[in-house]
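Overview (structure and organization)
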Amino acid sequence: MRAIFLAAMFALVGAAPGEDMVRDVIVIAHRGASGLRPEHTLAAYDLAIAQGADFIEPDLVLTKDGVFVARHENDITATTNVADHPEFAARHATKVIDGESHTGWFTEDFTLAELKTLRARERLPQLRPGNTRYDGQFEVPTLAEIIALAKKRGAETGRVIGIYPETKHPSYFAGLGLPMEEKLAAELRAAGWDSPTAPVFIQSFEVENLKRLHALTKVRLIQLMDAQGGPADKAAPSYAAMATPAGLRAVAAYAYGIGPNKAMIWPGKGSVTALVEQAHAAGLRVHPWTFRAENAFLPPVWQRGRVPEGQGDVGAEITYFLQAGIDGFFTDFPAEGVRARAASR
């Protein structure tokens, strides 16, 4: 029945090229199993591993004392209970980050010891009200703790559990005297990861950051791209220019693959674009982001019901992209991703 249903869906959205489906496609747990636990917590990463994810993805920012911690942004106002701590009230500030003004509390104004007194909160409470029951339970984890978890759970499960860190706002942090590249390469090297076969990908929306890392480490690098705009370091005129055949060949000089917004592969109607084919022609792997189950994030064809927080058929969406030839994908619901991949083999 599901095969018949999917065939009908593909008829509606447009046939995806490539009938052979999937090779060794990787499932990347976006901020952990963040559809089911507050993102960037050890609990979210651990659940993702239990659900079969191949890689867990921490967004990396730095503390005042230069320690990598996992937060979606260096602005921790919405993802921690920092506002409930009167001792930190004076650190409330307005800052310009990558050209945009932000008001709140920021990791670079806290030592690791101070951050460890805070607790994580669900970032999307209106769409994920079930996750709010975990508010206040989990610490902000360090990269070292995430590496330790991946290795521990790998030993327990007999699987290789990789990490897929993103450097967040590297130019901004460099401007504060907190450059990321050497520190990250050294921490990965200390973990025994400094080869193209290491279970690590490093991703960034910036370009020069990845080029510096290319000179410092042998682990695989992924150039992130969005459907609009361009890199904050102005190293390319736009992501659209980077996604052309010539742009992709330039990316291939320093990166193993690209991580495009999924809309760059299929914009929600019509047929898929040529991006996957062109990236493969340049020798690049393609890992699009982000597959989420809530209706608010799904194209209408895969939505179920009318409420934004209701869950649709993200498995069908993932299957469609697998048919388009992607090499891996980011998802907030790794169990759904694992099931879709298994059904597509």
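That block above? That's the structure.
So, about helix α6 (residues 181–190). For an α-helix, the turn length of 3.6 residues means that residues three or four places apart are oriented alike. All buried positions along α6 are accounted for by E181, L184, A185 and L188. Looking down the long axis of α6, one finds its buried residues gathered within 95 degrees of arc, a one-sided arrangement. Residues of α6 that are exposed and point more than 90 degrees away from the buried face comprise E182 and A190. Positive phi shows up at G192, right after α6, with a value of about 90 degrees.

With six of six residues buried, strand β10 (residues 220–225) lies mostly within the body of the structure. What you see with β10 is no split at all: R220, I222 and L224 on one side and L221, Q223 and M225 on the other are buried throughout. Across four bridges, strand β9 (residues 201–204) lies against β10 in parallel orientation. For F201, the partnering residue across the bridge sits in β10 and is R220.

The subject of this paragraph is helix α11 (residues 314–323). Of all 10 residues in α11, 10 are buried, a share of seventy percent or more. Buried residues of α11: V314, G315, A316, E317, I318, T319, Y320, F321, L322 and Q323, and no others. Once α11 finishes, G325 follows within two positions and takes phi at roughly 100 degrees, a positive value.

Enumeration according to the criterion identifies 22 salt bridges in this entry. D54 is paired through a salt bridge with R341; the nearest N and O atoms lie 2.6 Å apart. With D54 in the loop between α2 (42–50) and β2 (55–57) and R341 in helix α12 (residues 334–344), this pair connects stretches of sequence that are 287 residues apart. Of the two residues examined, D54 and R341, each falls in the buried class. What you see here is one network of salt bridges that share partners, running through R31, E39, D59 and R123.

Parameters at a glance
Residues numbered from 1 in each chain as written. Predicted model: local features only at pLDDT ≥ 70, side-chain atom pairs only at ≥ 80, totals over all residues. Heavy atoms only, no water. Buried < 20%, exposed > 50% of the residue type's maximum accessible area, 1.4 Å probe, protein only. Helix = DSSP H or I, 4+ residues; strand = E, 2+ residues; numbered from the N terminus. Arc of directions from axis to C-beta. Pairing = 2+ DSSP bridges. Salt bridge = Lys/Arg side-chain N within 4 Å of Asp/Glu carboxyl O.

Limitation: the analysis is restricted to geometry and does not speak to function.
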